[in-house]
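# Structural description and commentary
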Amino acid sequence: MNGKLVLKALARGDVPRRPLWIMRQAGRCLPEYRDLRRTHSFKALSGSPDLAAEVSLLPLKRFPFDAAIVFADIMSPLPALGVQFDFAPGPVVADPIRDQAGVDAIRVEDPDALAPEVIETVARVREETPNDIAVLGFCGAPWTLAAYLVEGRGVKDFPTLRAFAAAKPAVLDGLLARLSSAMADYLIAQARAGADAVQVFDSWAGLLSLADWERLIRPHLRTLLETVGASGVPRILFVQNAPHLMDAYAELPAEAISVDWRTDVAEAQRRWPDRAVQGNIDPAVLLGGKDATRRAAEDLLARVEPRGHIVNLGHGLLPETPLASIDALVEAVHNEVLP
Ligand code: 1CP
């Protein structure tokens, strides 16, 4: 028994080998998941703690990953805030928020109403997962959630969202404040239910300039991370496609920064010596097959210091990923001999 390698790496402690898990490991490319999806919608799967716990654990039956991530979506807690949406396949919001009245309608009367099915799933996954494997909770960052709430769906470069930020910064501010407070409650509830660490997904981090990000977005992300940190649970902050913001993100209070494949992890370690770093093989490399994956993994391990490194991809697994590529990644990580 090694203890939980992910937690050791988050604390930048000694590890016998680097921990490994993969974003979006629970759904997508597993044939067992696709079978379940033939008879159940995503909402039905994630809405049932029984099924969602089963799906969360599917990847661990095939691969010796060091973490299980609870099967849910960043949108899962939003019905408690009065938001209605569907998946097609990404989130599509029924009434996008474009004004103060829309923000006023977003409120949490009762924090226990934030996706109770996800909280129950976390508890079941923790119960059914061996002690040396970390269970990860997660949420969307306020800005990434606002992207869907304002734009209405995932659209390249989110022009409606950026126009809204420019035209109505005070309304956006109110929206981000409410999302930040609700997500802090939600992550703390996941930690109480048994999540060992939590990841905040800021998938649409890079849409604004540094100056606008500092002014509009950072205060709310900081409040969320500080509130969650005060409860004692370690935080991983995932940042996607924001090369111009990486140093600013790394100043926020989080134990680890999860970087996409555009960032040089070795350089990140030098620049942010007190942060753990997670990542960052390009998910598309795995589509290139097992030899390409092994080369990318060996190159990453050779360049990046093991202390404080959690091996992962730079973004989620793509649905067409060959399972043999995942095997090659696992092998490379498990075969590494650390000094
Ligand atoms: O048809 C289906 O099967 C539904 C597809 C699906 C799945 C499997 C969606 C809709 N969400 C999920 C699960 C999910 N989403 C997980 C669970 C863990 C796992 O799969 O291993 C997690 C962690 C997420 C997080 C998520 N959802 C993010 C952040 C990470 C990222 O990929 O950047 C984002 C941005 C979303 C929004 C979302 N929900 C679903 C999709 C397809 C998307 C993204 C695409 C879009 O905006 O259109």
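## Description of the site of the ligand
The immediate surroundings of the ligand are formed by 20 residues, with Ala26, Arg37, Tyr148, Ser203 and His315 found nearest. Side-chain polar atom of Arg24 to an oxygen atom of the ligand: 3.0 Å apart, as the coordinates give it. Protein chains bury 87% of the 870 Å² of accessible surface belonging to the ligand in isolation. Here the ligand is seated within the largest pocket.

## So, the pattern of salt bridges
What the rule picks out here adds up to 24 salt bridges. When the shortest N-O distance is used, the salt bridge between Arg178 and Asp104 registers 3.9 Å. Residue Arg178 is found in helix α9 (residues 169-193), and its partner Asp104 is found in helix α5 (residues 100-104); the two are separated by 74 residues along the sequence. A salt bridge links Asp264 to Arg303; the nearest nitrogen and oxygen atoms lie 3.3 Å apart. With Asp264 in the loop between β7 (256-259) and α12 (265-271) and Arg303 in helix α14 (residues 290-303), this pair connects stretches of sequence that are 39 residues apart. Note on Asp264: relative accessible area 37%, which makes it partly exposed. Assessed through its relative accessible area of 39%, Arg303 is described here as partly exposed. Each of Asp247, Glu267, Arg270 and Arg271 takes part in a single network of salt bridges with overlapping partners.

## Notes on the nonpolar core
Ranked by internal contacts, the top residues of the largest apolar core, which has 122 residues, are Leu78, Leu221, Leu237 and Ile326. Ranked by residues supplied to this core, first place goes to α9 with ten residues. Among all residues touching Ile326, those that are not within four sequence positions of it are Ile22, Cys29, Phe63, Phe65, Leu286, Leu317 and Thr321.

## Focus: the sheet that holds strand β8 (residues 276-281)
If you walk across this open sheet you meet the seven strands as β1-β4-β5-β6-β7-β8-β9, and the pairing is parallel. Of all the strands in the sheet, the pair left with one neighbour each is β1 (67-69) and β9 (309-313). Averaged over all neighbouring strand pairs, the angle between strand axes comes to 25 degrees, with direction disregarded. Two elements, strand β4 (residues 134-140) and strand β5 (residues 197-202), share five bridges in a ladder whose sense is parallel.

## Some thoughts on the packing of α9 against helix α10 (residues 210-230)
Two elements in contact, α9 and α10, have axes whose closest approach is 9 Å; the angle formed by their N-to-C orientations is 15 degrees. Relative to α10, α9 is oriented roughly parallel. Crossing handedness for the pair α9 and α10: right-handed. Contacts between α9 and α10 pair Pro169, Leu172, Asp173, Leu176, Ala177, Ser180, Met183, Ala184, Leu187 and Ile188 from the former with Leu216, Ile217, His220, Thr223, Leu224, Thr227 and Val228 from the latter. Each residue belonging to the contact of α9 with α10 can be placed in one class, and the counts come to twelve nonpolar, four polar and one charged.

## Observations concerning the layout of surface pockets
The space that makes up the largest pocket amounts to roughly 1200 Å³. Lining the largest pocket are 37 residues, and of these Arg24, Arg28, Asp73, Pro89 and Gly90 lie nearest its centre. Of all the elements in the fold, those that place two or more residues in the lining of the largest pocket are α2 (31-39), α3 (42-47), β2 (85-87) and α13 (283-287). Of the residues belonging to the lining of the largest pocket, the class tally is 23 nonpolar, seven polar and seven charged. One number sums up the size of the second largest pocket: a volume of about 200 Å³. For the second largest pocket, the full set of lining residues is Gly154, Val155, Lys156, Asp157, Phe158, Ser203, Trp204, Gly206, Leu207, Gln240 and Asn241. Taken together, the residues of the lining of the second largest pocket sort by class into four nonpolar, five polar and two charged.

## Overview of the packing of aromatic side chains
Counted by the stated rule, this structure contains ten aromatic pairs. When the ring of Phe158 is compared with that of Trp204, the centres are 5.2 Å apart and the planes differ by 45 degrees; the resulting orientation is tilted. On the criterion of sequence distance, the pair formed by Phe158 in the loop between α7 (142-151) and α8 (159-167) and Trp204 in the loop between β5 and α10 is long-range, its members being 46 residues apart. Under the relative-accessibility criterion, Phe158 is labelled buried at 2%. Feature note: the residues Tyr33, Phe42, Phe71, Phe85 and Phe87 constitute an aromatic cluster, connected by ring pairs.

## Topic: the packing of helix α6 (residues 116-128) against α9
With their axes 8 Å apart at the nearest point, α6 and α9 run at an angle of 30 degrees to one another. It follows that α6 is roughly parallel to α9 by the angle criterion. Note that α6 runs across α9; the crossing there is right-handed. Each of Val118, Ile119, Val122, Ala123 and Arg126 in α6 lies in contact with α9, whose residues at this interface are Tyr186, Ala189, Gln190 and Ala193. Grouping the amino acids of the contact of α6 with α9 by side-chain chemistry returns seven nonpolar, one polar and one charged.

Calculation criteria
- Residues numbered from 1 in each chain as written.
- Predicted model: local features only at pLDDT ≥ 70, side-chain atom pairs only at ≥ 80, totals over all residues.
- Heavy atoms only, no water.
- Near = heavy atom within 4 Å.
- Polar contact = N/O pair within 3.5 Å; in protein donor to acceptor, adjacent residues only side chain to side chain.
- Areas by Shrake-Rupley, 256 points an atom, 1.4 Å probe, with all protein chains shown as cover.
- 1 Å grid on protein atoms, 1.4 Å probe; cavity = no way out; pocket = protein on both sides within 12 Å on 5 of 7 lines; lining within 4 Å.
- Sits in = over half its atoms within 2 Å of the grid points.
- Salt bridge = Lys/Arg side-chain N within 4 Å of Asp/Glu carboxyl O.
- Helix = DSSP H or I, 4+ residues; strand = E, 2+ residues; numbered from the N terminus.
- Buried < 20%, exposed > 50% of the residue type's maximum accessible area, 1.4 Å probe, protein only.
- Core = buried A, V, L, I, M, F, W, Y, C linked by side-chain atoms within 4.5 Å.
- Contact = heavy atoms within 4.5 Å.
- Pairing = 2+ DSSP bridges.
- Axes fitted to C-alpha atoms, helices over the stretch in contact; angles between N-to-C directions.
- Parallel < 35°, antiparallel > 145°, perpendicular 65-115°, else oblique.
- Left-handed = near helix turned anticlockwise from the far one by under 90°.
- Nonpolar A, V, L, I, M, F, W, Y, C, P; charged D, E, K, R; others polar.
- Points joined across faces, edges and corners; volume = space filled by probe spheres on them.
- Phe/Tyr/Trp six-rings, centres within 6.5 Å; stacked < 30°, edge-to-face > 60°.

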